[in-house]
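# Structural features, examined
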Amino acid sequence: MAIVLHSSPLLWARLAALIFSCVAFSVAVHGGGLNHGTGDWCIFCWAFSFAGTLVVILVELFGLQTRAPVSWKNFPITFACYAALLCLSASIIFPLYFLKGSSGSSEVQKYRIVSTVFSCLATIAYMTEVSISKARPGEVAGYMATAPGLLKVCETFVACIIFVFISDPILYDNHDALKYCMAVYCICFILSAAIIMLCIGECTGCLPFPFARFLSAYALLAMVLYLSATIIWPIFKFDPKHRGIKQRPSTCGGAGLCIWDKCMAVAVLSGVNFVLYLADLIYSTRLVFVNA
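Residues numbered from 1 in each chain as written. Predicted model: local features only at pLDDT ≥ 70, side-chain atom pairs only at ≥ 80, totals over all residues. Heavy atoms only, no water.

- If you check an unreviewed UniProt entry, the chain appears there as MARVEL domain-containing protein from Takifugu bimaculatus.
- Here the chain is described in UniProt, under the heading Sequence similarities (unreviewed entry), as follows: "Belongs to the MAL family."
- The Subcellular location (unreviewed entry) comment attached to the chain in UniProt states, word for word, "Membrane". (UniProt positions renumbered as here; feature names shortened; annotations may be inferred.)

Structural data, given as structure tokens:
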């Protein structure tokens with residue numbers, strides 16, 4: 001089996017991401033003194049990114065793209081985008097929980113600082129890979145390399161963060177309107193994830209309707225649903241008329257987020273996903289007209 005090695009900016013970006021993510025989780029495991037469940041999440045972000053990047057490099061090194069069970073036009077950039085978001089989240093969460101106000105030994109602190117720095121470097125490397133791999137105007141590429149494809153990745157990732165905040169503790173069970181918001185988050189996440197899987201599996205041609213027009217219709221539906229959730233959630237969580245709490249309680253303090261903070265995070269992330277779906281609609285509609 002021949003080894004194919006072509007030096008390129010994309011290869012160097014992947015190698016940098018591989019090394020940086022490896023150092024981040026290795027240092028954290030070795031001397032970070034992680035005794036909090038959040039540390040496990042950060043380790044997962046770095047280790048998952050490292051393992052996936054290693055697989056991508058090996059597949060391209062041995063020229064196995066045609067034998068891969070996924071679309072190689074869509075998989076590498078999809079993974080790189082998820083890895084960038086995972087490392088970004090770890091770069092924010094890790095210092096908040098393990099550096100801010102930490103009273104550990106100076107040796108442990110040094111390990112944690114090194115992990116944070118290399119996590120940030122890994123995030124930059126993955127963003128660079130996505131930027132290099134992204135389709136240019138007029139270039140023939142997979143759907144996931146286009147702006148709507150990358151927006152789908154961001155939409156599903158934001159939805160996952162919403163699920164984390166909204167389910168621990170459960171924040172939507174005290175009113176039907178809040179249950180509607182949860183339904184919106186679930187429906188849009190499932191459909192966006194299904195679109196990503198269809199593209200990675202190259203199954204879009206099996207659909208009984210034009211895929212491009214379906215994307216535009218779905219983006220419009222998701223935008224409307226998220227707009228309603230963005231309006232409804234704050235009303236029933238922060239308006240005193242609906243038993244909401246307007247001001248942040250004085251009991252909220254210390255490490256981590258209190259219930260009010262999580263409600264606010266869900267409200268903000270709902271608005272973020274609304275903006276993402278709006279941009280998705282604009283780009284998807286543009287693709288339909290260009291193709292037409």
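So, next bit.
### Quick word on the UniProt feature "transmembrane region" (unreviewed entry) in the chain
- UniProt records the feature "transmembrane region" (unreviewed entry) at residues 12-29, 41-63, 75-99, 111-128, 140-165, 177-197, 217-236 and 257-279, using the numbering of this structure.
- Between the end C-alpha atoms of residues 12-29 the distance is 26 Å, and the span holds 100% helix and 0% strand.
- Within residues 177-197, the helical portion is 100% and the strand portion 0%, while the C-alpha atoms at the span's ends are 30 Å from each other. (Helix = DSSP H or I, 4+ residues; strand = E, 2+ residues; numbered from the N terminus.)

### Quick look at the side chain of Ser119
- Within the element layout of this structure, Ser119 appears in helix H4 (residues 106-133).
- With relative accessibility at 0%, the residue Ser119 sits in the buried group.
- Polar contacts involving the side chain of Ser119 include one to the side chain of Trp46, which spans 2.9 Å.
- Once you skip the residues sitting within four places of it in the chain, Ser119 turns out to touch Ala24, Trp46, Cys87, Ala90 and Ser91. (Buried < 20%, exposed > 50% of the residue type's maximum accessible area, 1.4 Å probe, protein only. Polar contact = N/O pair within 3.5 Å; in protein donor to acceptor, adjacent residues only side chain to side chain. Contact = heavy atoms within 4.5 Å.)

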